[in-house]
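# Architecture and fold: a report
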Amino acid sequence: MKTLAIRGATTVVSNTKADILDETAKLVQTIIIENALDIDDIISMCFTMTNDLDKVYPSVAVRDILDITDIPMLNFEEKYIDGSLKMCIRIMMHVNTDKSKKDIKHIYLNDAKDLRKDLITNIYK
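The rules behind the values
Residues numbered from 1 in each chain as written. Predicted model: local features only at pLDDT ≥ 70, side-chain atom pairs only at ≥ 80, totals over all residues. Heavy atoms only, no water. Helix = DSSP H or I, 4+ residues; strand = E, 2+ residues; numbered from the N terminus. Rg over C-alpha atoms; globule rule 2.2 N^0.38 Å. Buried < 20%, exposed > 50% of the residue type's maximum accessible area, 1.4 Å probe, protein only. Lys, Arg positive; Asp, Glu negative; His and termini not counted. Charge placed at Lys NZ, Arg CZ, Asp CG, Glu CD. UniProt positions renumbered as here; feature names shortened; annotations may be inferred. Polar contact = N/O pair within 3.5 Å; in protein donor to acceptor, adjacent residues only side chain to side chain. Contact = heavy atoms within 4.5 Å. Pairing = 2+ DSSP bridges. Axes fitted to C-alpha atoms, helices over the stretch in contact; angles between N-to-C directions. Expected span 1.5 Å × (residues − 1).

Along its length, the protein carries 2 helices and 5 strands. Ordered by position from N to C terminus, the α and β elements of the protein give β-α-β-α-β-β-β. In terms of C-alpha radius of gyration, the protein reaches 14 Å, essentially the compact-globule figure of 14 Å for 125 residues. Each principal axis of the C-alpha distribution contributes one length, and for the protein these read about 40 × 30 × 25 Å. In the protein, buried positions account for 42% of the 125 residues. Taken as two groups, the 17 positive and 20 negative side-chain charges of the protein have centres that lie 6 Å from each other.

So this is what it looks like as C-alpha cells:
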C-alpha cells in the first residue's frame, strides 16, 4: 500500500455558511465514492478557500455533515492571484491505497471543472 494525494475543487454561488458547507460535503463525498475509498484509508485533508469566502471552514462540513471526525484536517486561505477563479474551495486528500496514480479520480465540480482538465478523468456538474 502507498500514500497518494487526490485533488479536487468546487465553487459556491454565494459566501454563505450553507453554500460552503453543502458544496464542501458534496466534493468530499464525490471523491470518496468515485475513488471507492474506505474512510479508514483517508490520512488527512487540506482545504483552501479563496479570500472572498469567510463564513465557515470547509472542514466543518466533513465533521458535521459527513460525520467524519477522526481525520486530521487543515484550512488555509488560497493566495490571491489577479484574475483567478473566485468563490473556490480546493482540497488535497491524502490516502492509503493500492491504486496507481493513473487510477485516481481527481474531482472538480461547478466552475472549478476548468481548473485542471489535465487531471480530470470525469467531469461532474
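So, about the UniProt feature "binding site: prephenate" (unreviewed entry) in the protein. Taking the UniProt record as the reference, the feature "binding site: prephenate" (unreviewed entry) is found at Arg-7, Arg-90 and Tyr-108. These annotated residues cover 102 residues of sequence, and their C-alpha atoms all fall within 8.9 Å of one another, placing them together at a single site. Among the secondary structure elements, Arg-7 is positioned in strand E1 (residues 2–11). Take Arg-7: its relative accessible area is 25%, and that puts it in the partly exposed class. Polar side-chain contacts of Arg-7 include one of 3.1 Å to the backbone oxygen of Ile-91. In this structure, Arg-90 sits in strand E4 (residues 88–97). Ignoring sequence-local partners within four residues, the contact set of Arg-90 consists of Arg-7, Gly-8, Ala-9, Cys-46, Phe-47, Thr-48, Thr-50, Glu-78 and Leu-115.

In a beta sheet, neighbouring strands pair by backbone hydrogen bonds and run either parallel or antiparallel. Spatially, the 5 strands line up as an open sheet ordered E3-E2-E4-E1-E5, and their pairing is mixed. The sheet is open, and its two borders are formed by strand E3 (73–77) and strand E5 (107–108), each paired with just one other strand. Across the sheet, helix H1 (residues 17–34) is in contact with E1, strand E2 (42–49), E4 and E5; its angle to E4 comes to roughly 30°.

End to end, H1 covers 26 Å across 18 residues, agreeing with the expected 26 Å (1.5 Å per residue, within 8%). Along H1, the positions that sit buried rather than exposed are Ile-20, Leu-21, Glu-23, Thr-24, Ala-25, Leu-27, Val-28, Thr-30, Ile-31 and Ile-32. Where the residues of H1 are buried, they touch E1, E2, helix H2 (59–65), E4 and E5. Residue Ala-36 follows H1 closely and has a positive phi angle near 50°.

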